[in-house]
Number of protein chains: 2
Amino acid sequence: MRDRDTFRSAAAELLGPRGFTYDKDLVEPWLTDWRGRYTGKAVGLASPGSTDEVSRFVKLCSAYGVPIVPQGGNSGMSGGATPDDGGDSVILSLRRMNTIRELDVAAQQVTCGAGVVLQTLHEAAEAEGLRFPLTLGGKGSATIGGLVSTNAGGTQVLRHGTMRAQVLGLESVLADGSVFSNLVPLKKDNRGFDLKQLLIGSEGTLGIVTAATLRLVPQTAQRRVAWIGLSSISRARELLLHCEKRAGDALEGFEVLPHHCLQSVLAHLPDSRSPLSNDHGWYALVELVAEATEADAIDGLAEDVLHSAMERDLIEDAVISASEAQAEAFWLLRESISPAERAIGPAMQHDISVPVARMAEFVETASPEIEKRFPGTTAIGFGHLGDGNIHYHVLAPPSAVQGEWEMTDGKIISAFVHDLVTEFGGSISAEHGIGQMKRDELSRLGDPVALGLMRTIKQALDPQGILNPGKLVPLAPDAPTP
Amino acid sequence: MRDRDTFRSAAAELLGPRGFTYDKDLVEPWLTDWRGRYTGKAVGLASPGSTDEVSRFVKLCSAYGVPIVPQGGNSGMSGGATPDDGGDSVILSLRRMNTIRELDVAAQQVTCGAGVVLQTLHEAAEAEGLRFPLTLGGKGSATIGGLVSTNAGGTQVLRHGTMRAQVLGLESVLADGSVFSNLVPLKKDNRGFDLKQLLIGSEGTLGIVTAATLRLVPQTAQRRVAWIGLSSISRARELLLHCEKRAGDALEGFEVLPHHCLQSVLAHLPDSRSPLSNDHGWYALVELVAEATEADAIDGLAEDVLHSAMERDLIEDAVISASEAQAEAFWLLRESISPAERAIGPAMQHDISVPVARMAEFVETASPEIEKRFPGTTAIGFGHLGDGNIHYHVLAPPSAVQGEWEMTDGKIISAFVHDLVTEFGGSISAEHGIGQMKRDELSRLGDPVALGLMRTIKQALDPQGILNPGKLVPLAPDAPTP
């Protein structure tokens with residue numbers, strides 16, 4: 001960059017010492033994603049404290065042609081918040097915009113700055129007898145802005161939907177620095193295109209989320225978590241249909257895992273134990289909840305659901321949580337799968353969805369095929385069966401060299417998985433987004449009409465290409481390699 | 001148009017005699033909207049029978065520069081499906097594409113051609129023990145394509161959301177004739193911008209909806225409809241909060257009307273009678289539903305909700321439907337308000353929303369103000385209080401001349417209502433869309449940043465401007481008047 005020094009001076013003047021730095025020690029921690037997969041360089045780290053400062057900073061970047069990499073908790077899964085190694089980009093951290101602007105108990109709505117951490121929002125809602133119905137592993141660092149920008153999912157999507165379903169209103173700074181402000185949460189508004197929908201999930205490539213109004217729901221009075229042993233993932237799908245029918249809206253979560261995952265977790269967590277006395281091929285974790293008005297009925301419902309499932313031979317064994325501590329222990333097993341599997345050794349991880357009805361077939365087709373084609377590998381799928389979304393990991397053979405295998409065999413395996421997902425009418429990114437990690441795979445496998453539309457919209461809304469370049473939007477087929 | 005004859009010949013050749021006509025008698029009925037407010041001219045009426053035919057026809061229109069006015073049931077409220085009087089546009093009717101392609105009972109999903117009539121979809125779902133959770137007065141003519149294009153609402157939005165919330169997948173033909181096909185209903189898919197969200201509610205200005213995959217819900221086993229007498233609309237708001245708290249997800253509908261509306265309906269429907277023995281200032285119609293598993297509890301719930309509301313002095317009197325026939329009779333009163341009010345004489349009708357918490361204040365501010373400023377008028381608001389959306393009618397003074405008053409005093413009154421709605425942070429179109437009716441008001445009152453974004457997107461996706469020109473998207477401030 002020619003005007004590096006001038007830009008830095010102008011940025012420092014605009015945002016002040018708390019708002020802009022290029023001190024190596026202060027910038028360094030944010031140049032690499034939390035899993036250490038992507039790393040880059042930056043001309044500086046901007047941390048504006050208000051929407052107005054974001055707006056003026058974007059105008060400055062536009063004037064200097066400086067690419068902007070928006071960043072929330074830096075806990076994304078696809079490298080969407082990490083700069084490239086050119087060193088010309090600036091990181092725009094939203095973390096200082098961490099104010100809960102308003103929590104309206106009667107309307108069950110909350111307006112948050114982009115930098116509010118998910119865990120903080122959970123606590124604020126709970127203090128008012130409400131809850132924010134989206135949660136995920138990274139809740140201690142993930143920010144509202146990042147969650148909106150990536151349309152995050154998690155373990156409560158089955159009943160409550162992804163982040164998109166929680167967003168009632170949005171405030172974003174566009175590529176020219178103008179502020180799109182749509183925080184008034186109208187339940188119905190048909191004044192033209194629903195522009196906030198375009199910004200949700202656009203990973204900072206069309207605008208920078210600065211605040212959002214989100215819906216809250218009543219706190220659930222009671223929950224029961226069942227840990228269920230099953231013979232196969234096909235049975236899990238039948239059990240899901242059964243639970244949907246019997247439990248209706250009380251069904252809050254439906255997660256599955258194969259025995260391999262349970263074994264890994266038991267080895268990884270010293271104090272953990274298997275909830276059932278025998279081993280089973282698969283397990284389902286089913287959460288049922290009741291609002292205050294129906295708390296009495298929940299034990300009856302849980303027993304009815306499991307009893308009738310047992311009668312229909314859908315399940316082999318099951319246990320219902322007898323206390324909140326036990327419910328949490330069951331969830332801890334589920335939430336520890338990722339770190340436990342990572343501890344085993346290198347693996348290619350895929351965040352995929354297919355139509356719910358076809359998930360069992362997908363797993364039963366893909367896993368033997370992969371293990372045959374790539375000897376020594378182990379293929380496992382676990383996660384959100386109720387959403388048709390599983391995390392599909394292919395573990396390297398014991399002989400594989402970490403760092404090398406991922407770039408050679410691992411790449412071929414991922415392409416194979418993605419091809420198969422596409423054949424099943426599925427998505428190569430169910431909830432983790434595209435970022436830089438899957439951009440080329442999206443380019444290879446995406447519908448050309450959809451990709452063309454995305455490029456057209458990106459070009460129209462960010463003609464300079466300064467908003468998170470290189471992320472999400474695949475380049476045109478004839479574009480020069482950057 | 002220079003090439004009128006050539007275009008007609010090419011269209012006739014492409015679509016065949018069933019698919020294209022310019023016979024005056026066949027085109028005529030579709031040149032005017034159902035309420036007779038807008039009328040126009042057209043070079044012909046195209047009725048393609050497949051998505052491929054739509055695609056090829058749009059390419060033809062693009063080659064000839066012929067503007068396309070997509071039309072479903074021609075039952076829209078804002079003139080969005082009526083051509084202008086230039087005579088150069090072609091009407092593109094989707095009515096022949098009326099096939100239910102697939103109804104998946106287990107997955108609770110249905111894929112419909114754009115021309116499927118809402119009532120037909122209701123019946124198809126019911127035949128399988130399911131239901132499609134959106135309904136409105138025009139269900140006998142409104143088509144799925146039109147409902148998606150206008151993001152329609154209705155009386156079940158409170159619990160189930162607008163049309164946007166029902167759409168799982170979408171197929172649309174774009175301005176260049178390419179087909180955006182996203183009918184695979186994945187519950188989670190983060191492969192970039194959610195393009196279908198941009199098309200939903202875009203009133204045919206960005207693409208032509210040819211099919212949609214929609215969600216279905218379990219048939220409700222039981223419903224109870226309460227007709228409630230209240231002293232004021234403020235009390236109605238308190239009652240709404242009370243019902244939300246006590247009934248939770250069982251609350252399916254919450255509609256309000258002032259006594260004036262009930263009087264109009266009783267005068268209009270010969271066999272109708274008031275459900276309560278005394279008159280009240282306002283009435284609420286509250287629907288509670290139960291799925292099959294909870295059918296027993298619904299009477300207890302309905303009684304509990306009303307009893308506790310009475311104890312808190314929220315309501316003056318109430319009656320709960322004792323049979324399905326009575327439930328329907330209560331709803332008939334609600335659904336007859338529009339025709340009953342129309343029968344009285346000229347009125348300016350406004351489909352507005354404000355934040356739910358402010359609706360009572362809006363009505364209590366606006367109505368006396370309007371009746372004072374415009375002597376002889378009567379201002380009434382009724383409808384979907386639970387959504388913060390009411391239909392706000394200002395009835396002309398008895399001396400007003402129909403057809404004249406609407407163009408003079410009526411216009412001033414509408415501008416006054418829209419100004420006030422905007423001051424309240426509301427929307428001048430809650431569920432009826434913009435069409436041609438409200439385009440200039442949107443231009444006058446809309447957020448300039450949002451309007452700029454809409455123009456940018458429209459220009460990028462339809463550079464020729466052939467998709468429903470003159471509708472929804474306000475022209476740029478410096479654009480020549482068309």
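Residues numbered from 1 in each chain as written. Chains lettered and ligands numbered in written order. Predicted model: local features only at pLDDT ≥ 70, side-chain atom pairs only at ≥ 80, totals over all residues. Heavy atoms only, no water.

As named in an unreviewed UniProt entry, chain A is FAD-binding oxidoreductase, taken from Qipengyuania citrea.

(A) Structural view of the overall build of chain A. Scanning chain A from N- to C-terminus turns up 17 helices and 18 strands. For 482 residues, the compact-globule estimate of 2.2 N^0.38 gives 23 Å, and chain A sits close to it at 23 Å. Once the C-alpha set of chain A is aligned to its principal axes, its extents read approximately 70 × 55 × 45 Å. Taking all contacts inside chain A whose residues are at least 6 apart in sequence as the whole, residues at least 24 apart take part in 73%. Carbon and sulfur atoms form 50% of the exposed surface of chain A, whose accessible area is close to 18,700 Å². Charged side chains of chain A number 42 positive and 61 negative; the gap between the two group centres comes to 5 Å. (Helix = DSSP H or I, 4+ residues; strand = E, 2+ residues; numbered from the N terminus. Rg over C-alpha atoms; globule rule 2.2 N^0.38 Å. Contact = heavy atoms within 4.5 Å. Areas by Shrake-Rupley, 256 points an atom, 1.4 Å probe, with all protein chains shown as cover. Lys, Arg positive; Asp, Glu negative; His and termini not counted. Charge placed at Lys NZ, Arg CZ, Asp CG, Glu CD.)

(B) Structural detail: helix 9 (residues 233-247) of chain B. Residues and elements named next belong to chain B. Along its 15 residues, helix 9 runs 20 Å from first to last C-alpha, staying within 8% of the 21 Å computed at 1.5 Å per residue. Residues of helix 9 that are buried: Ile233, Ala236, Arg237, Leu239, Leu240, His242, Cys243 and Ala247. Where helix 9 begins, the side chain of Ser232 points an oxygen toward the backbone nitrogen of Ser234, at a separation of 3.4 Å. (Expected span 1.5 Å × (residues − 1). Buried < 20%, exposed > 50% of the residue type's maximum accessible area, 1.4 Å probe, protein only. Polar contact = N/O pair within 3.5 Å; in protein donor to acceptor, adjacent residues only side chain to side chain.)

(C) Summary view of the pattern of salt bridges. According to the stated counting rule, one finds 48 salt bridges over all chains in the structure shown. Across the pair B:Arg159 and B:Glu252 runs a salt bridge whose closest N-O atoms are separated by 3.0 Å. With a gap of 93 residues between them, B:Arg159 in helix 6 (residues 157-160) and B:Glu252 in strand 13 (residues 251-258) connect regions that are remote in the sequence. On the basis of relative accessibility, which here comes to 21%, the residue B:Arg159 falls in the partly exposed class. Linking B:Asp304 and B:Arg246 is a salt bridge whose minimum nitrogen-to-oxygen distance equals 3.1 Å. You can see B:Asp304 sitting in helix 11 (residues 297-311) and its partner B:Arg246 sitting in helix 9, a full 58 residues away along the chain. Classification of B:Asp304 as partly exposed rests on a relative accessible area of 32%. Taken together, the shared-partner salt bridges in this structure form one network comprising A:Arg131, A:Arg159, A:Glu252 and B:Asp249. (Salt bridge = Lys/Arg side-chain N within 4 Å of Asp/Glu carboxyl O.)

(D) Representation of the relation of the copies chain B and chain A. Structural alignment of chain B on chain A gives an RMSD of 0.0 Å, achieved by rotating through 180 degrees and translating 0.0 Å along the axis. Both copies of the chain, as the preceding transformation shows, are related through a two-fold rotation axis. (Least-squares fit on C-alpha atoms with pLDDT ≥ 70 in both.)

(E) Here's a closer look at the UniProt feature "domain: FAD-binding PCMH-type" (unreviewed entry) in chain A. Within this numbering scheme, the UniProt entry marks residues 38-219 of chain A as carrying the feature "domain: FAD-binding PCMH-type" (unreviewed entry). Each end of residues 38-219 of chain A is marked by a C-alpha atom, and these two atoms are 38 Å apart; helix forms 24% of the span and strand 25%. (UniProt positions renumbered as here; feature names shortened; annotations may be inferred.)

(F) Molecular detail of empty space enclosed by the protein. Residue and element names in this part refer to chain A. Taken as a whole, this structure holds six cavities of 30 Å³ or more when the rule is applied. If you add up the space inside the largest cavity, you get close to 60 Å³. Taken together, Arg224, Val225, Ala226, Ile228, Cys243, Val286, Leu288, Ala302, Val305, Leu306 and Ile320 form the lining of the largest cavity. Mapped by element, the contributors of at least two residues to the lining of the largest cavity are strand 12 (222-230), strand 14 (282-290) and helix 11 (298-311). The element that contributes the greatest number of residues to the lining of the largest cavity is strand 12, accounting for four residues. Considering only residue class, the lining of the largest cavity consists of ten nonpolar, no polar and one charged. (1 Å grid on protein atoms, 1.4 Å probe; cavity = no way out; pocket = protein on both sides within 12 Å on 5 of 7 lines; lining within 4 Å. Points joined across faces, edges and corners; volume = space filled by probe spheres on them. Nonpolar A, V, L, I, M, F, W, Y, C, P; charged D, E, K, R; others polar.)

(G) Quick look at the packing of aromatic side chains. Going through the model one piece at a time under the given rule, you end up with 18 aromatic pairs over all chains. Taken together, a centroid distance of 6.3 Å and an interplanar angle of 90 degrees make the contact between B:Phe7 and B:Phe20 edge-to-face. Pair noted here: B:Phe7 is in helix 1 (residues 4-19) and B:Phe20 is in strand 1 (residues 20-21), with a separation of 13 residues, a long-range link. Taken together, a centroid distance of 6.1 Å and an interplanar angle of 75 degrees make the contact between B:Phe374 and B:Phe416 edge-to-face. Of this pair, B:Phe374 sits in the loop between helix 14 (359-373) and strand 17 (378-384) while B:Phe416 sits in helix 15 (residues 409-423), and the two are 42 residues apart along the sequence. Judged by its relative accessible area of 16%, B:Phe374 is buried. Overall, the relative accessible area of 15% leaves B:Phe416 in the buried class. Cluster of aromatic residues (ring-pair linked, three or more members): A:Phe7, A:Phe20, A:Tyr22, A:Phe57 and A:Tyr64. Of note, A:Arg8 hangs over the ring of A:Tyr22, and the distance from its end group to the ring centre comes to 4.2 Å. Over the ring of B:Trp30 we find B:Arg95, and its NZ or CZ is 3.3 Å from the ring centre. (Phe/Tyr/Trp six-rings, centres within 6.5 Å; stacked < 30°, edge-to-face > 60°. Lys NZ or Arg CZ within 6 Å of the ring centre and 35° of its normal.)

(H) View of the nonpolar core. The biggest cluster of nonpolar side chains holds 81 residues, and the ones touching the most others in it are A:Ile144, A:Leu214, B:Ile144 and B:Leu214. For this core, the leading source of residues is helix 17 (residues 448-461) of chain A, giving seven residues. If we skip the residues at most four places from it in the chain, B:Ile144 touches B:Cys112, B:Gly113, B:Ala114, B:Val116, B:Leu121, B:Met163, B:Ala212 and B:Leu214. Counting residues in hydrophobic clusters, the runner-up holds 50 residues, among them A:Val256, A:Val286, A:Ile352 and A:Ile370. (Core = buried A, V, L, I, M, F, W, Y, C linked by side-chain atoms within 4.5 Å.)

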